[in-house]
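If you want the building blocks of each chain, they are given just below.
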Amino acid sequence: MSMDLSRELAPVEALLRSAADSFAYPPTPPITRSVRAQLVEAPRAGSERWWSQPAFRAALAVLAAVALIAGSALAVPQSRSALAKFFGLSHVRVDTQPTGGPTPPALSPESFARPSSLGEAQRAVDFPLRLPVRDARVEPDAVYLQGEDAVMPVAILVYEDYDLYQTRLGFFGKGTDPDLIHEVSFGGHDALWIDEGGHIATFLDEQGRLVVESRRTVGRATLLWEDGGITYRLETSLSQEEAIVLAESLSGT
Amino acid sequence: MRQYEEVAFRVAYLIVRDEAEARDVAQEAFLRAYGSLGRFDARRAFRPWLLRIVTNLALNSARKAARQRRRDERYERAADVQRTVASVEETVEAQERGRRVWQAMSTLSADDQTVLYLRYFLATSEEDAATTIGRPVGTVKSRVHRALGRLRQVIQEQYPDLLPPLPEEMGSQR
């Protein structure tokens, strides 16, 4: 645009840039907090009315039929990835609507992943696995590989008080009340902290579809963040502060 | 969401010119964005989509003439205080200059103001500005050009000290 500006307009453009650089904006208010509070209140306030409407029940029946037809191939709508962007992560989706249907079991890695070793897990993934510095000198208590036949397997390192998931896959969380989700940041990374209390976790494949067999209830608190295209998921009994210290200490194998 | 908080508030503030109103507009924009996620095309950038919601809400707010007048009166009172401070603090000089440019911009149409805020105050690319206002990139370019011309005219008439004289004007003064 500058090149096309006439000689008369160039000083105006310079004046605008200068004005923009020095403009005294008021401090940005804590909008996120108040929006989240309203998001928590809104569904609760409207839920009874919606559920009691015959039209809503009819629509629900149609949706259920569609879901049955679609079966396990039903993909998460692509637009939902906007939710992840809303919460600051690009490969993580968190659906904060109330959970419907049966709650999946709370499974530990041995129920859905194959026992492996650190070396084998490292060979299976195409990125360097990272270990928390405080545990870097010792092998994890256990290592598991999930979806090793898939393009993007998941490496799971199990320690005494946390399980550390590392994958190029995305992550989908459901049934989580917005007030249980906390945006945190550390080391230049935006992250999500989900309080303990049971949310449903499902991995997403490279097309953003649910990996149905990975669906399970997670009782422990979870720290989620991304770094260099890798999604890290720390399920832990540690406090949020301790978990962040642990996450900051990750180093290459 | 937090990463868009500042830009949403700032564009709202530039347009509605009132801090409390800008906060309300930004909040409402986030709530509407959340409610409209089903219509958002995830292949596109989120920022201009959100800014479009913010600017539309802010423009609607600013168009309410009676409220605008009350805000202007409040703003003028606040500006008087700020001018006093500026005379004391030399570092505020640049801010005062920015404030006067902003004041000059208030005489432009809402469309002109919006495109100038997006391009110069928020450093939005032409592509993102086009998405934000819902017009082609070519329209953004031409609208910016015309808005700059109109702003120059306003500044020449009402704030002549803000712009350096053109070379030919300097020549005629000799």
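Remember, predicted model here, so these are calculated numbers, not experimental data. (Residues numbered from 1 in each chain as written. Chains lettered and ligands numbered in written order. Predicted model: local features only at pLDDT ≥ 70, side-chain atom pairs only at ≥ 80, totals over all residues.)

### Section: the overall build of chain B
Point 1. On a plain count of helices and strands, chain B comes out with nine helices and zero strands.
Point 2. Across chain B, helices and strands are ordered from the amino to the carboxyl terminus as α-α-α-α-α-α-α-α-α.
Point 3. Burial analysis of chain B (174 residues in total) assigns 36% to the buried set. (Helix = DSSP H or I, 4+ residues; strand = E, 2+ residues; numbered from the N terminus. Buried ≥ 20, exposed ≤ 12 C-beta atoms within 10 Å, placed from the backbone.)

### Remarks on the overall build of chain A
Point 1. Helix and strand content of chain A: seven helices and 14 strands.
Point 2. Counting the 253 residues in chain A, one finds 32% classified as buried.
Point 3. Sequence-distant contacts, at least 24 apart, represent 64% of the contacts inside chain A between residues at least 6 apart. (Contact = placed C-beta atoms within 7 Å.)

### Things to note about helix α2 (residues 19-35) of chain B
Point 1. Between its first and last C-alpha, α2(B) extends 24 Å over 17 residues, near the 24 Å set by a 1.5 Å rise per residue.
Point 2. Within α2(B), the full set of buried residues consists of Glu21(B), Ala22(B), Arg23(B), Val25(B), Ala26(B), Gln27(B), Ala29(B), Phe30(B) and Ala33(B). (Expected span 1.5 Å × (residues − 1).)

### Section: the nonpolar core
Point 1. Ala8(B), Ala12(B), Ala26(B), Ala29(B), Leu50(B) and Val54(B) are the most contacted members of the largest nonpolar core, which totals 49 residues.
Point 2. Not counting residues up to four positions away in its chain, the partners in contact with Leu50(B) are Tyr4(B), Ala8(B), Ala29(B) and Ala33(B).
Point 3. Phe203(A), Leu224(A), Leu234(A) and Leu246(A) belong to the second largest nonpolar core, which has 28 residues in total. (Core = buried A, V, L, I, M, F, W, Y, C linked by C-beta atoms within 7 Å.)

### As for the confidence of the model for chain B
Residue and element names in this part refer to chain B.
Point 1. Chain-level statistics for chain B give a pLDDT mean of 80 and a share of 73% at 70 or above.
Point 2. The lowest-confidence element of chain B is helix α9 (residues 167-173), averaging 52 in pLDDT; the highest-confidence one is helix α8 (residues 137-158), averaging 93.
Point 3. Between residues 83-88, whose pLDDT stays under 50, and residues either more than four places distant or in other chains, the model counts five contacts.
Point 4. Scored as a complex, the prediction yields pTM 0.51 and ipTM 0.76. (pLDDT = per-residue confidence, 0-100.)

### A few points about the confidence of the model for chain A
Point 1. When pLDDT is averaged along chain A, the result is 71; 60% of the residues meet or exceed 70.
Point 2. Across residues 42-85 of chain A the pLDDT falls below 50, and counting only partners more than four positions away or on other chains, this stretch makes 39 contacts in the model.

### Overview of the pairing of strand β5 (residues 154-158) of chain A
Point 1. Most of β5(A) is tucked away: four of the five residues are buried.
Point 2. Turn length for the β5(A)-strand β6 (residues 162-167) of chain A hairpin, with the two strands adjacent in sequence and antiparallel, is three residues. (Pairing = 2+ DSSP bridges.)

### Section: the sheet that holds β6(A)
Residue and element names in this part refer to chain A.
Point 1. Taken in spatial order, the eight strands line up as β2-β4-β5-β6-β13-β12-β9-β8 in an open sheet, and their pairing is antiparallel. Each edge of the open sheet carries a strand with a single partner, namely β2 (114-116) and β8 (181-186). Strand-to-strand twist of the sheet, defined as the mean angle between neighbouring strand axes without regard to direction, takes the value 25 degrees.
Point 2. Strands in contact with helix α7 (residues 240-248) are β6, β8, β9 (189-194), β12 (221-227) and β13 (230-236); relative to β13, the strand with the most contacts, it is inclined by about 140 degrees. (Axes fitted to C-alpha atoms, helices over the stretch in contact; angles between N-to-C directions.)

### Examining the pairing of β8(A)
Residue and element names in this part refer to chain A.
Point 1. Looking at chain direction, β8 and β9 are connected through six bridges and run antiparallel. Counted as the bridge partner of Phe186 is His189 from β9.
Point 2. Taking the residues between adjacent antiparallel strands as the criterion, β8 and β9 are bridged by two residues, where Gly187 takes a positive phi near 55 degrees.

### Brief notes about the packing of helix α6 (residues 110-121) of chain B against helix α7 (residues 126-133) of chain B
All names here are of chain B.
Point 1. Contact pair α6 / α7: the axes reach a minimum separation of 10 Å and the direction vectors enclose 145 degrees. Crossing angle aside, the handedness with which α6 passes α7 is right-handed. Residues Thr114, Val115, Leu118 and Arg119 of α6 form the contact with α7, whose own contacting residues are Ala129, Thr132 and Ile133.
Point 2. Residue composition of the contact of α6 with α7, grouped by class: four nonpolar, two polar and one charged. (Left-handed = near helix turned anticlockwise from the far one by under 90°. Nonpolar A, V, L, I, M, F, W, Y, C, P; charged D, E, K, R; others polar.)

### As for the packing of α7(B) against α8(B)
Residue and element names in this part refer to chain B.
Point 1. Running from N to C, α7 and α8 cross one another at 95 degrees; their axes reach a closest spacing of 8 Å. Viewed along their axes, α7 and α8 adopt a mutual orientation that is roughly perpendicular. For the pair formed by α7 and α8, the contact residues are Glu126, Glu127, Ala129, Ala130 and Ile133 on the first element and Val137, Val140 and Lys141 on the second.
Point 2. Of the residues that constitute the contact of α7 with α8, the class distribution is five nonpolar, no polar and three charged. (Parallel < 35°, antiparallel > 145°, perpendicular 65-115°, else oblique.)

### Some thoughts on α8(B)
Point 1. The first and last C-alpha atoms of α8(B) sit 31 Å apart over 22 residues, in line with the 32 Å expected at 1.5 Å per residue.
Point 2. Restricting attention to buried positions, one finds in α8(B) the residues Val140(B), Arg143(B), Val144(B), Ala147(B), Leu148(B), Leu151(B) and Ile155(B). For α8(B), the arc enclosing every buried residue in end-on projection is 145 degrees, short of the 170-degree limit, so these residues lie on one face. Exposed side chains of α8(B) directed beyond 90 degrees from the buried face belong to Gly138(B) and Glu157(B).
Point 3. Summarising the contacts, the buried residues of α8(B) are in contact with α1 (10-22) of chain A together with α5 (93-105), α6 and α7 of chain B. (Arc of directions from axis to C-beta.)

### Observations concerning unusual backbone geometry
Point 1. Located in the positive-phi region is Arg17(B), a residue other than glycine, with phi close to 65 degrees.
Point 2. Since 20 C-beta atoms lie within 10 Å of it, Arg17(B) is described here as buried.

### A word on the environment of Val137(B)
Point 1. Structurally, the position occupied by Val137(B) is in helix α8.
Point 2. For the pair Val137(B) and Glu126(B), spaced 11 residues apart in sequence, the C-alpha separation works out to 6.1 Å.

### Considering the environment of Arg10(B)
Point 1. Within the secondary structure layout, Arg10(B) lies in helix α1 (residues 2-16).
Point 2. In this structure, the C-alpha to C-alpha distance between Arg10(B) and Tyr117(B), residues 107 residues apart in sequence, is 9.6 Å.
Point 3. In contact with Arg10(B), other than residues within four places in its own chain, are Tyr25(A) and Leu122(B).

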